[in-house]
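Observations on chain architecture
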Amino acid sequence: MFAQIITIGNELLIGDTINTNAAWMGRILTENGIKCEKVITIGDESAGIIDTLSQSLKEADITIMTGGLGPTHDDITKKCLLDHFKVNLIRHEQTLEYLQNIFKERNIPFLKSNFMQADIPENCEVMPNMAGTAPGMWFPEHKLAVLPGVPSEMKYLMKNEVIPRIKEIFPQVSGSYTRFFQLVGIGESTLNDISIDEASAYLNDKVSLAFLPHISGITLRINSLADTQKQAEKQVMDLEDYIRQKAGEFIYSDEKNVELNQVVGKLLTDKKLTLATAESCTGGFVASYITDVPGSGSYFKGGMTTYSNDLKIKLLNVPESTLNEFGAVSKPVALRMAKSTAKYLGSDIGVSTTGIAGPGGGTPDKPVGTVWIGYWSKKNHFAVKLHLHRSRMQNKERTTVITLDLIRRQLNGIKNLPYGLQAEYP
């Protein structure tokens, strides 16, 4: 069974708005056993909308269209539907009553354009939109869903109206299963070569494996289709075991929406340990990422952003002679920063970052992207040297992720370091 997605809006084509709707819809369709065959983005132009819709209805089992349902002059999707199906508008009284109540509760005048939002093509069924004001429309004869472009409204309708209708029409899609593995500390090509290359023996037309790289690492997504969900889960058990066996040290979660900072936070909590940070090149990114997790105050003591050498000397007791001899971006400075922040803030673990984020400031000996990360605890004290890129933001983000992964590995007793890094001791 194949679905196509049509997203409408000039703002998507010219880059004013990132098309997150298409990505989200493709993901939820896949998770529910529905293959997304094509995604098409078109502008607010009648002929293009009608032509694209006509072609999709011929090709796909399910078509999902978003955008252009608002009350302004450039929202033309509804008129295009009338022209394509050659039907008339009718006023949907339940929707009108719902809209009027919303406006009354908010003490907002109900205008002519708002009345128009309750007008729908006569050949559609209304999908009530409890997350907004533009109703979703379902055309049962054509297996077509038309949704507002506002992400929160689209997501509400997809979850509560569209997916249930698809499963009712195509009951075979109910036997689907999706498993996510979140990995960090290994590149995509390396993962493929050393861990996943032989996984093809477990793949077929019912079982698929996708690599989804991102700044924090790689997500592996397994999709399985069968007559029932239980069968779908069973037929990928061997593949899941294989991935855990081959890539276990890099897997920090087997759940979809779990991030590395949450995993590190739970490890610290379970082991009743606390953490402190000392940052230079990352400018507080590490502390910010750690404290993005609710409740992080129970294990995060605090952090210092010692960007200048003066503060490294005054707050972290880095000897001026060490800075003069080795420079701020060096192993001795990273080691001292990590130990001093732990001692000063009274934490069990201290980590530090010092480097050249770029795009300028590099030298032949220390080019842009040279970063040292320090780690201190009563059990271990070491530093690692990174060779990153020329992008300032990417360097700060990558350093933050690697720092958290170093903590994760230490707390889990994993001796190996990510990306082939070598621990250098005092």
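Here is a short report on the structure shown in this document. Counting restarts for each chain: residues are numbered from 1 in the order of the written sequence. Residue-level local features of this predicted model are given only where pLDDT is at least 70; pairs of side-chain atoms are given and counted only at 80 or more, and the full residue set underlies all totals for whole chains, interfaces and linings. In computing side-chain properties, one takes all heavy atoms of the structure into account and sets aside hydrogens as well as water.

When a carboxyl oxygen of Asp or Glu lies within 4 Å of a side-chain nitrogen of Lys or Arg, that pair is called a salt bridge. According to the stated counting rule, one finds 14 salt bridges in the structure shown. Residue E240 is joined to R179 by a salt bridge in which the shortest nitrogen-to-oxygen separation is 3.5 Å. Remark: R179 occurs in strand β9 (residues 176-183) and E240 occurs in helix α10 (residues 237-247); sequence separation between them is 61 residues. Exposure remark for R179: the relative accessible area of 22% places this residue in the partly exposed category. Note that R409 is salt-bridged to E249, the shortest N-O span being 3.0 Å. One end of the pair, R409, is in helix α16 (residues 392-412); the other, E249, is in the loop between α10 and β12 (251-253), with 160 residues separating them in the sequence. Each residue's exposure class comes from its accessible area (1.4 Å probe, protein chains only) as a fraction of the maximum for that residue type: buried when under 20%, exposed when over 50%, partly exposed otherwise. Judged by relative accessible area, E249 falls into the partly exposed class, the value being 25%. Here the salt bridges do not stand alone but share partners, grouping R179, E240, R244 and D254 into one network. Secondary structure is summarised from DSSP: a helix means a run of H or I of at least four residues, a strand means a run of E of at least two, and numbering begins at the N terminus for each.

For a helix, the expected span equals 1.5 Å multiplied by the residue count minus one. With 14 residues, helix α3 (residues 46-59) extends 20 Å from end C-alpha to end C-alpha; this agrees with the ideal 20 Å at 1.5 Å per step. Considered for burial, the residues of α3 that qualify are I49, I50, T52, L53, S54, S56 and L57. Structurally, α3 contributes buried residues whose contacts are with β1 (2-8), β2 (35-42), β3 (62-66), α4 (77-85) and β8 (144-147). Counted as a polar contact is a pair of N or O atoms within 3.5 Å, where, for protein atoms, one must be capable of donating a hydrogen and the other of accepting one, and residues adjacent in sequence contribute only when both atoms are in side chains. Residue E45 occupies the N-cap position of α3, its side-chain oxygen lying 3.1 Å from the main-chain nitrogen of A47. We call two residues in contact whenever any of their non-hydrogen atoms come within 4.5 Å of each other.

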